[in-house]
Amino acid sequence: MVIVLLGPPGVGKGTQAVRLVDDLGAEHVSTGDLLRAARREGTELGQLAQGYMDRGELVPDDLILNLVKDHLAGVDADRDVLFDGFPRTTDQAAGLDGALESIGRRVDAVVLFEAPDETLIQRLSGRRSCPDCGAVYNTFFSPPASEGVCDRCGGSLVHRKDDTPETVARRLEVYLDQTAPLIDFYDEHEAPLSRVRADRPVEDVFTDFRSAVETQAS
Ligand code: ADP
Ligand code: AMP
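Trainee: How should I be thinking about the overall build of the chain in this particular structure?
Mentor: The helix and strand tally for the chain stands at nine helices and seven strands. The C-alpha atoms of the chain give 17 Å as radius of gyration, which agrees with the globular expectation for 218 residues (17 Å, within 12%). Principal axes of the C-alpha set define a box for the chain whose edges measure 45 × 40 × 35 Å. When burial is assessed residue by residue, the chain has 46% of its 218 residues classed as buried. For the chain, long-range pairs separated by at least 24 residues make up 70% of all intrachain contacts whose partners lie at least 6 apart in sequence. For the chain, the exposed surface amounts to about 10900 Å²; the carbon and sulfur share of it is 48%.

Trainee: Which parts of the structure should I look at to understand the site of ligand 1?
Mentor: In the vicinity of ligand 1 lie 19 residues, with Thr-15, Arg-127, Tyr-137, Asn-138 and Arg-200 positioned nearest. With respect to ligand 1, the side chain of Arg-127 contributes an N or O atom lying 2.7 Å from an oxygen atom. Between ligand 1 and Arg-200 there is a distance of 2.7 Å, counted from a nitrogen atom to a backbone nitrogen or oxygen. Computed on the free molecule, ligand 1 has an accessible area of 570 Å², of which 91% lies beneath the protein chains in the complex. Those elements giving two or more residues to the shell around ligand 1 turn out to be helix H1 (13-24) and strand E6 (136-138). Considering only residue class, the shell around ligand 1 consists of nine nonpolar, six polar and four charged.

Trainee: Is there a simple way to explain the environment of Arg-40 in this structure?
Mentor: Relative to the helices and strands, Arg-40 is located in helix H2 (residues 31-41). Overall, Arg-40 belongs to the exposed group, its relative accessible area being 55%. Taking the C-alpha atoms as reference points, Arg-40 and Asp-62, 22 residues apart in sequence, are found 21 Å from one another.

Trainee: I would appreciate a short explanation of the site of ligand 2 in the present structure.
Mentor: Surrounding ligand 2, one finds 16 residues, the nearest of these being Thr-31, Arg-36, Glu-57, Arg-88 and Gln-92. Within the backbone of Val-59, one N or O atom sits 3.0 Å away from a nitrogen atom of ligand 2. The separation between an oxygen atom of ligand 2 and a polar side-chain atom of Arg-171 is 3.2 Å. Coverage of ligand 2 by the protein chains reaches 95% of its 480 Å² of free accessible surface. A total of four residues in the shell around ligand 2 trace back to one element, the largest contributor, which is H2.

Trainee: Explain the sheet that holds strand E1 (residues 2-6) to me, please; I cannot follow it from the model alone.
Mentor: Think of a sheet as strands paired side by side through backbone hydrogen bonds, with each pair either parallel or antiparallel. One open sheet accounts for five strands, arranged E2-E3-E1-E4-E7; its pairing is parallel. Either end of the sheet is taken by a strand with one partner, and the two such strands are strand E2 (27-30) and strand E7 (193-197). Ignoring strand direction, the axes of neighbouring strands in this sheet form an average angle of 20°. With four bridges joining them, E1 and strand E3 (residues 81-84) adopt parallel strand pairing.

Trainee: Please explain the environment of Ala-94 as it appears in this structure.
Mentor: Along the chain, Ala-94 turns up in helix H5 (residues 90-101). Residue Ala-94 is classed as partly exposed on the basis of its relative accessible area, which comes to 43%. Placed 91 residues apart in sequence, Ala-94 and Phe-185 show a C-alpha to C-alpha distance of 9.3 Å.

The rules behind each value
Residues numbered from 1 in each chain as written. Chains lettered and ligands numbered in written order. Predicted model: local features only at pLDDT ≥ 70, side-chain atom pairs only at ≥ 80, totals over all residues. Heavy atoms only, no water. Helix = DSSP H or I, 4+ residues; strand = E, 2+ residues; numbered from the N terminus. Rg over C-alpha atoms; globule rule 2.2 N^0.38 Å. Buried < 20%, exposed > 50% of the residue type's maximum accessible area, 1.4 Å probe, protein only. Contact = heavy atoms within 4.5 Å. Areas by Shrake-Rupley, 256 points an atom, 1.4 Å probe, with all protein chains shown as cover. Near = heavy atom within 4 Å. Polar contact = N/O pair within 3.5 Å; in protein donor to acceptor, adjacent residues only side chain to side chain. Nonpolar A, V, L, I, M, F, W, Y, C, P; charged D, E, K, R; others polar. Pairing = 2+ DSSP bridges. Axes fitted to C-alpha atoms, helices over the stretch in contact; angles between N-to-C directions.

Read these as geometric descriptors, not functional statements.
In structure tokens, the structure reads:
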């Protein structure tokens, strides 16, 4: 199965993706994580992406599509794939359809997570991320056992530079302008789109998320 997770920044896509990939043994493809890794490694892509990311803008479609195609080339053809934070424009979605078609696959399910802006803003202001292992915490809802220290690997947690109030405001605008049109795109697509209310406890959201994916898979 190829599953696409849609939704605004901070809605909980990454949190839910990690749970489902654990269950399915699927490949988790987060373009945000791939871009942050490229920045840490200082690659050309990382350098090109840096300014866009820090301003809360989208990285250009051609760079993202090349990144995803390169990544997919290393994934077994029969492995489930969960896209998180990709596609973010209709051109990326069309590019994904083309890339999948060329390897005999297609998008099988799309899940849209929804929550009010106040929830997103609070979650992003409290998000703390581990740059070493990728674990994500929240100072309000799921703090680490010891402040500022990753429970999983002992790394030092950071408040992402793009989680500051000004950049979050820009990212929410960019979502509405450039990514929300994907809802109509996928409404007309052969893959079914399910909506999940994400302003609830993580486990409740996950129950609905998993059952949406199971229904779409059957
Ligand atoms: P996204 O990948 O959509 O940007 P994340 O999964 O990183 O969002 O979640 C954003 C923040 O909100 C993180 O700090 C995470 O721990 C927290 N979070 C995610 N889901 C929930 C939830 N259902 N309830 C409370 N906090 C949540
Ligand atoms: P995320 O980790 O998904 O919140 O993404 C962080 C930032 O990375 C975004 O604000 C964009 O600058 C960039 N980014 C991640 N995924 C994409 C994508 N599919 N298209 C364009 N830019 C992206």
